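# Residue-level structural notes
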Amino acid sequence: MKVILLQDVKGQGKAGDVITVSDGHARNFLIPRKIAAEATAKSMNELKQQETKRAKQLEKEIAEAKAVKEKLESLMVKVSARGGEGGKLFGSVTTAEIADALREQHGIALEKNKLVQDEPIRAFGSYEVKVKLGHEMSGVIHLVVAEA
């Protein structure tokens, strides 16, 4: 019997896969537990529609990530911080502060966990902060830390 997996099943396949199993296994275990559904013409059509919808969504997300990457490369974000003598800051500039400054200055909303700092920013100056945009894409924010 052919079934469409609704969840990942160890040793069988991933959600959305069409597999062939014995009739008893399908009727007594997979279908009652809502792990799989019988592969009828209607359910196969729905599966194809979901796959095309998922592919379009993925394509849209990749295009948005590329647009954000291109926009970020041309921007300069300025963060003001208080500091002491010798160009050292009181504390450090966090990813949350960078994300807030990016949202206020340029209207781009990024989550703070998408910003990657190799080490904390504890002095005035220019920095490059990496941004994870998803789909194996990353960008760079040009950051200037100035005295408040």
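Presented here is an overview of the structure given in this document. (Residues numbered from 1 in each chain as written. Predicted model: local features only at pLDDT ≥ 70, side-chain atom pairs only at ≥ 80, totals over all residues. Heavy atoms only, no water.)

## Section: the environment of A26
Note the following rule: Strands here are runs of E lasting at least two residues and helices are runs of H or I lasting at least four, both read from the DSSP assignment and numbered beginning at the N terminus. Buried means the residue's accessible area, taken with a 1.4 Å probe over protein chains only, is under 20% of the maximum for its type, while exposed means over 50%, and partly exposed covers the values in between. Only heavy atoms matter for contacts: two residues are in contact if any of them lie within 4.5 Å across the pair.
With respect to the element layout, A26 can be found in helix α1 (residues 23-30). Note on A26: relative accessible area 0%, which makes it buried. The spacing of A26 and A37 is 11 residues in sequence and 8.5 Å in space, taken between C-alpha atoms. Discounting residues that sit within four places of it in the chain, A26 has contacts with M1, V3, V21, I31 and P32.

## Description of the side chain of T95
On the secondary structure map, T95 appears in helix α3 (residues 95-106). Judged by relative accessible area, which is 18%, T95 ranks as buried. Here T95 is in contact with K112, L115 and Q117, once residues within four sequence places are set aside.

## Some points on the side chain of S43
Note the threshold: Residues adjacent in sequence count toward polar contacts only when both atoms are side-chain atoms; beyond that, a polar contact is any pair of N or O atoms within 3.5 Å, and within protein one must be able to donate a hydrogen and the other to accept it.
Along the chain, S43 turns up in helix α2 (residues 41-73). Judged by its relative accessible area of 15%, S43 falls in the buried class. Separated by 2.8 Å, the side chain of S43 and the backbone nitrogen of T40 make a polar contact. If we ignore the near neighbours within four places in the chain, the residues touching S43 are I4 and E38.

## Remarks on the nonpolar core
The condition is simple: To form a nonpolar core, buried Ala, Val, Leu, Ile, Met, Phe, Trp, Tyr and Cys residues must be joined to one another through side-chain atoms within 4.5 Å.
One finds L72, L102, L110, L115, I141 and L143 to be the most contacted residues of the largest nonpolar core, which totals 23 residues. Filtering out sequence-adjacent residues up to four positions away, L72 remains in contact with L102, I108, L110, V131, L133, V140, I141 and H142. Ranked by size, the runner-up nonpolar core spans nine residues in total, among them V3, V9, A26 and I35.

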